Amino acid sequence: MCEPQNSSQLVEHFFRQEAGRMASVLTCWLGFGRLGLAEDIVQDTLMQALHAWPAQGIPDNPRAWLYRVAKNRALDVLRREKQLRHVGDDQLSEFTETDAPDMERLFFDDELNDSQLRMLFACCHPALSAEAQQAMCLKILCGLSVREIAHAFLTAPDTIEKRLYRAKERIRQNNIELAVPAGVSLTSRLNSVLRSVYLLFNEGYASHQPDELIRYDLCAEALRLARLLTEHPRTSVPATYALLALLCFQAARFKARHTSTDDIILLAHQDRSLWDRDLIDRGQYYLNRAATGNQLTDYHLEAAIAACHSMAPTYETTNWPQILHYYDLLLVCKPSPVVALNRAVALARVAGPLQALADVTNLTGLDHSQYYHAVLGDLYAENQQPEPARHHYRRAQQLTFSLAEKTLLERKVASL
Amino acid sequence: MEKFMLIFHDNAAATAIQPSPEEMQAEMQKWNVWIAGLAAQGKFIGTEGLMPFGKVVRGQESIVTDGPFTEGKEIIGGYAVVNADTLDEAIGLTAGCPILADNGAVEVRPIINFEQFA
């Protein structure tokens, strides 16, 4: 028996992040068909750490400790399979002890990132639906449990379980490879990965989830995956930097968006001293890195808009004409009524609510969006038309499931 | 000062639910806090965790089975050895042991002091 050292604390989310790393490495090694086995080995390894570390103190290099245990477990499994094969089951793949040195290599940093990227591309394969892609990323790469994912998506664990099962089947049926694509297919595949990371972040950033912690976790994981993409020569393209910049700018405002009682604080009323300067600086840095080549993606434009906000000392002194200009460009590369709706908010600041109203009332397909009605409410209110404003606020209230949004709209109605 | 062994009995129902990595890290943090508390009082001698598997050798035929380790399928997750003057004091030291929050149990047993009989 040994004295527990006055063990230094583990970095926050250490287990979760290492779970994702180990699952990726093991799956690359064992093959996608044995993803479930890889996940079991990870779970066992962490359980062993949970039992051993409080007694022995946290090891000097906790990550190396975990990888050693995981590696040994994987080798045990393979040895057992080899013995079984002698009995006649030749369905199992032909791993041998001589594969072990490769395993050591797999846990080096470069290879680690590589395994995770390969897993990211597999999880974000276009054959999977967007929601399946996100569930796969969260489960395998981010080390979230089914329960936690269900909580994040406001659904039952069973639903997530089925979604994951179907996604894994799909991956098997389509023979989706664990590889970072190259050549012509890289661009389209990378677009799909970037989109999934973007949507993952959005899921966390939307205010319909009552539990702030899990929302923040989703955003943090999306940031981590985006960063991972900037660390590989094949995926560190301008669009990736632009996406990472956008996520940094948005995440910087996280703490200013809610009161302690979970009421929403809108941009105009946020305490800007609560914005995370470090994240804003990082966003600026990545946006500069994104400004190479001749590619202007919607991530560039959205990041540029977010940058304008993050640099403005107050809501009133925000460079609205610049933001409106970016929205005009965005509308060209991503023509959607949602973008047009957001553009109208900027237009109202530049040209007044009447002109914005003219634009918004011409939009179609948004009648079931609470944000469409909330914007209309705001514009009518600003234009001194309390009756239509009230009507649209009420409509928005009916459309949202979020208590915080209902409360906010109630406050707006009361102030008419 | 006498020595006591604290034996940690996991709650089978609680261990059946697989905790997430995040939950495991939080759980470990609780154990670290509790053990550091014992050490700070100078009561702590040592502790070890046990793997959740093993074999049981039984009877004159030395029959080897996979368990259960004790009747009722409960699993001993580990043990700690502490200093205390009395059994009551040793029992008091279990306060804050994370296993209790999961409806597990801590068995407190005095370790025989042979010098006492010498």
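Residues numbered from 1 in each chain as written. Chains lettered and ligands numbered in written order. Predicted model: local features only at pLDDT ≥ 70, side-chain atom pairs only at ≥ 80, totals over all residues. Heavy atoms only, no water.

A. Local environment of the overall build of chain A. Within chain A one finds 19 helices and 0 strands. Over its C-alpha atoms, taken along the principal directions, chain A stretches across nearly 80 × 55 × 40 Å. A total of 416 residues make up chain A; the buried ones form 53% of that total. Taking as baseline every contact in chain A between residues at least 6 positions apart, the subset at least 24 positions apart corresponds to 66%. Carbon together with sulfur atoms contributes 53% to the accessible area of chain A, which is approximately 19500 Å² in total. Here chain A carries 43 positive and 49 negative side-chain charges, and the mean point of each set is 2 Å from the other. (Helix = DSSP H or I, 4+ residues; strand = E, 2+ residues; numbered from the N terminus. Buried < 20%, exposed > 50% of the residue type's maximum accessible area, 1.4 Å probe, protein only. Contact = heavy atoms within 4.5 Å. Areas by Shrake-Rupley, 256 points an atom, 1.4 Å probe, with all protein chains shown as cover. Lys, Arg positive; Asp, Glu negative; His and termini not counted. Charge placed at Lys NZ, Arg CZ, Asp CG, Glu CD.)

B. Expanded view of the interface of chain B and chain A. Across the boundary between the two partners, chain B contributes 28 residues, which contact 30 residues of chain A. When the two sides are added together, the surface that chain B and chain A hide from each other amounts to roughly 2500 Å², 60% of it contributed by carbon and sulfur. When the buried surface of chain B facing chain A is broken down by residue, M24, Q25 and M28 of chain B rank first, second and third, together holding 25% of it. One can count 2 salt bridges joining chain B with chain A. Between E22 of chain B and R16 of chain A there is a salt bridge; the shortest N-O distance is 3.4 Å. Taken together, the links from chain B to chain A amount to 9 residue pairs in polar contact (both at pLDDT 80 or more). Secondary-structure elements contributing two or more residues to the side of chain B that touches chain A are α2 (21-40), β2 (44-49) and β5 (75-84) of chain B. (Buried area = accessible area lost by both parts, 1.4 Å probe. Salt bridge = Lys/Arg side-chain N within 4 Å of Asp/Glu carboxyl O. Polar contact = N/O pair within 3.5 Å; in protein donor to acceptor, adjacent residues only side chain to side chain.)

C. Fine view of the sheet that holds strand β6 (residues 105-110) of chain B. Residues and elements named next belong to chain B. Within the open sheet, the 4 strands sit side by side as β2-β5-β1-β6. Their pairing is antiparallel. Among the strands making up the open sheet, the edge pair consists of β2 and β6. Ignoring strand direction, the axes of neighbouring strands in this sheet form an average angle of 20°. Alignment of β2 against β5, held across 5 bridges, turns out to be antiparallel. (Pairing = 2+ DSSP bridges. Axes fitted to C-alpha atoms, helices over the stretch in contact; angles between N-to-C directions.)

D. View of the packing of helix α15 (residues 337-351) of chain A against helix α17 (residues 370-382) of chain A. Residue and element names in this part refer to chain A. One way to put it is that α15 packs onto α17 with a least axis distance of 10 Å and a crossing angle of 15°. With respect to α17, the element α15 is oriented roughly parallel. Between α15 and α17 lies a crossing of left-handed hand. Of α17, the residues touching α15 (which contributes L341, V345, A348 and R349) are Y371, Y372, V375, L379 and E382. When its residues are assigned to classes, the contact of α15 with α17 shows 7 nonpolar, no polar and 2 charged. (Parallel < 35°, antiparallel > 145°, perpendicular 65-115°, else oblique. Left-handed = near helix turned anticlockwise from the far one by under 90°. Nonpolar A, V, L, I, M, F, W, Y, C, P; charged D, E, K, R; others polar.)

E. Layout of the side chain of R16 of chain A. For R16 of chain A, the location among the structural elements is in helix α1 (residues 14-30). Here R16 of chain A is in contact with C142, G143, L144, D217 and E221 of chain A together with P21 and E22 of chain B, once residues within four sequence places are set aside.

F. Representation of helix α18 (residues 386-399) of chain A in the model. Residues and elements named next belong to chain A. The end-to-end C-alpha distance of α18, which contains 14 residues, comes to 20 Å, matching closely the 20 Å that a straight helix rising 1.5 Å per residue would cover. Where α18 is concerned, the buried positions are A389, H392, Y393, A396, Q397 and L399. All buried residues of α18 lie within an arc of 160° about the axis, which places them on one face of the element. For α18, the exposed residues set more than 90 degrees away from the buried face come down to E387 and Q398. (Expected span 1.5 Å × (residues − 1). Arc of directions from axis to C-beta.)

G. A look at the packing of α15 of chain A against helix α16 (residues 353-361) of chain A. All names here are of chain A. Contact geometry for α15 and α16: axes closest at 7 Å, N-to-C directions at 160°. Of the possible angle classes, the one that applies to α15 and α16 is roughly antiparallel. Taken as a pair, α15 and α16 cross one another with a handedness that is right-handed. From α15, L341, R343, A344, L347, A348 and A351 reach across to α16, where they touch P353, Q355, A356, D359 and V360. The class makeup of the residues in the contact of α15 with α16 is 8 nonpolar, 1 polar and 2 charged.

H. How the structure looks around the domain arrangement of chain A. Segmentation of chain A into domains returns domain 1 (1-55 + 64-71 + 104-171) and domain 2 (342-415). Look at where the C-alpha atoms of domain 1 of chain A and domain 2 of chain A centre, and you get two points 43 Å apart. (Domains from an automatic or database assignment.)

I. Quick peek at the UniProt feature "domain: RNA polymerase sigma-70 region" (unreviewed entry) in chain A. Here the UniProt-annotated "domain: RNA polymerase sigma-70 region" (unreviewed entry) positions come out as residues 33-82 of chain A. End C-alpha to end C-alpha, residues 33-82 of chain A measures 17 Å, and it is 86% helix and 0% strand. (UniProt positions renumbered as here; feature names shortened; annotations may be inferred.)

J. A look at the side chain of T47 of chain B. Residues and elements named next belong to chain B. Turning to its location among the elements, T47 is positioned in strand β2. The class of T47 is buried, set by a relative accessible area of 3%. A polar contact of 2.7 Å, which involves the side chain of T47, links it to the backbone oxygen of Y79.

K. Representation of unusual backbone geometry within the structure. Notably, Q384 of chain A is not glycine yet its phi reads approximately 60°, a positive angle. Position of Q384 of chain A among the secondary structure elements: in the loop between α17 and α18. In this structure Q384 of chain A comes out as exposed when scored by relative accessible area, which is 67%. Despite not being glycine, N103 of chain B has its phi angle at roughly 65°, a positive value. With respect to the secondary-structure elements, N103 of chain B resides in the loop between α4 (98-101) and β6.

L. Fine view of helix α13 (residues 298-311) of chain A. With 14 residues, α13 of chain A should cover 20 Å at 1.5 Å per step; its first-to-last C-alpha distance of 20 Å lies within 8% of that length. By the criterion of burial, α13 of chain A is predominantly enclosed, with 13 of the 14 residues buried.

M. Representation of the pairing of strand β1 (residues 2-10) of chain B in the model. Residue and element names in this part refer to chain B. Sheet topology places β1 next to β5; 9 bridges connect them, and they run antiparallel. In the sheet register, E2 faces β5, and the bridge partner there is A84. Bridge analysis of β1 against β6 gives 6 bridges, and the strand direction is antiparallel. Bridged to F4 within β6 is P110.

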